Amino acid sequence: QAPVYIAAAALVSVLVLNRLSSLVRSLDREQNRLAEAESRLAHQVHHDGLTGLPNRVLLLEHLNRAMATSDSTGDLVVLFIDLDRFKSVNDRLGHRAGDELLRATGERIRSCVGPGDLVGRLGGDEFIVISETSPDGEHDLRLADNIVATLGTPIKIGKDVVTGGGSVGIARYSTQRDASALLRDADLALYEAKAAGGRCVR
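The structure contained in this document is the topic of the report that follows. Only a predicted model underlies this, so the values are computations on that prediction, with no experimental measurement involved. (Residues numbered from 1 in each chain as written. Predicted model: local features only at pLDDT ≥ 70, side-chain atom pairs only at ≥ 80, totals over all residues. Heavy atoms only, no water.)

### With respect to a nonpolar patch on the surface
Part 1: A surface patch of nonpolar side chains, amounting to about 430 Å² of accessible area, comprises Val12, Val16, Leu17, Leu20 and Leu23.
Part 2: Within the fold, Leu17 resides in helix 1 (residues 2-46). (Patch = residues over 30% accessible without salt bridge, like charges linked within 9 Å, V, L, I, M, F, W, Y side chains within 5 Å. Areas by Shrake-Rupley, 256 points an atom, 1.4 Å probe, with all protein chains shown as cover. Salt bridge = Lys/Arg side-chain N within 4 Å of Asp/Glu carboxyl O. Helix = DSSP H or I, 4+ residues; strand = E, 2+ residues; numbered from the N terminus.)

### Some words on the pattern of salt bridges
Part 1: On inspection of all chains with the given rule, the structure shows 7 salt bridges.
Part 2: Between Asp82 and Lys194 there is a salt bridge, and its shortest N-O distance comes to 2.7 Å. Taken together, the positions of Asp82 in strand 1 (residues 76-83) and Lys194 in helix 6 (residues 179-195) put the pair 112 residues apart, joining distant regions of the chain.
Part 3: With relative accessibility at 30%, the residue Lys194 sits in the partly exposed group.
Part 4: For the salt bridge of Glu100 with Arg103, the shortest nitrogen-to-oxygen distance reads 3.2 Å. In this pair, Glu100 and Arg103 both sit in helix 4 (residues 95-112), 3 residues apart, roughly one turn of the helix.
Part 5: With relative accessibility at 36%, the residue Glu100 sits in the partly exposed group.
Part 6: Note on Arg103: relative accessible area 31%, which makes it partly exposed. (Buried < 20%, exposed > 50% of the residue type's maximum accessible area, 1.4 Å probe, protein only.)

### A word on the environment of Leu102
Part 1: Its location among the elements puts Leu102 in helix 4.
Part 2: The class for Leu102 is buried, based on a relative accessible area of 3%.
Part 3: Between the C-alpha atoms of Leu102 and Thr51, which are 51 residues apart in sequence, the distance is 7.2 Å.
Part 4: Apart from the residues within four sequence positions on either side, Leu102 is in contact with Leu50, Thr51, Leu83, Phe86, Arg121, Gly124, Asp125 and Phe127. (Contact = heavy atoms within 4.5 Å.)

What follows is the structure, given as structure tokens:
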């Protein structure tokens, strides 16, 4: 009877090990699904659903970190970008065309910036670039002028060709400002650019 007991015990051990292995694989799959779900949620929290660009939450986090590690006043700049006559595109061609224009605008702005710059969308037709600047400010002026020129070139939306454009407001980092204040300063500069007729930099 001993060999029978040994064989039965061995069979039970094999069955238990197989069951445990199956449970471990199931747990691994569940952990992977949870990790993927957490990653998707984190991306949704920090990125714009239309363009895939960083949203206000991530922009402010990045800007606060950049300001905290900046070793001198004036070496960090925010460009506040707004499309000119965007409402007319929505009214004339519809919101789907407007969404396509916003996606294309994000791609165009990204094509203008360097690898260390961050491009994001605040909402509506408002975009932000966070970049390092040169002491004389030439870098951010060149960058802003390049963005204005790029956004001013015609773009095909469906069967239509849209000639829009954009305006840019610039604000430089100062140790007396926080991230929200820096964005407000850039927004004020943008307002001046709009008031001047658009397609310009202030």
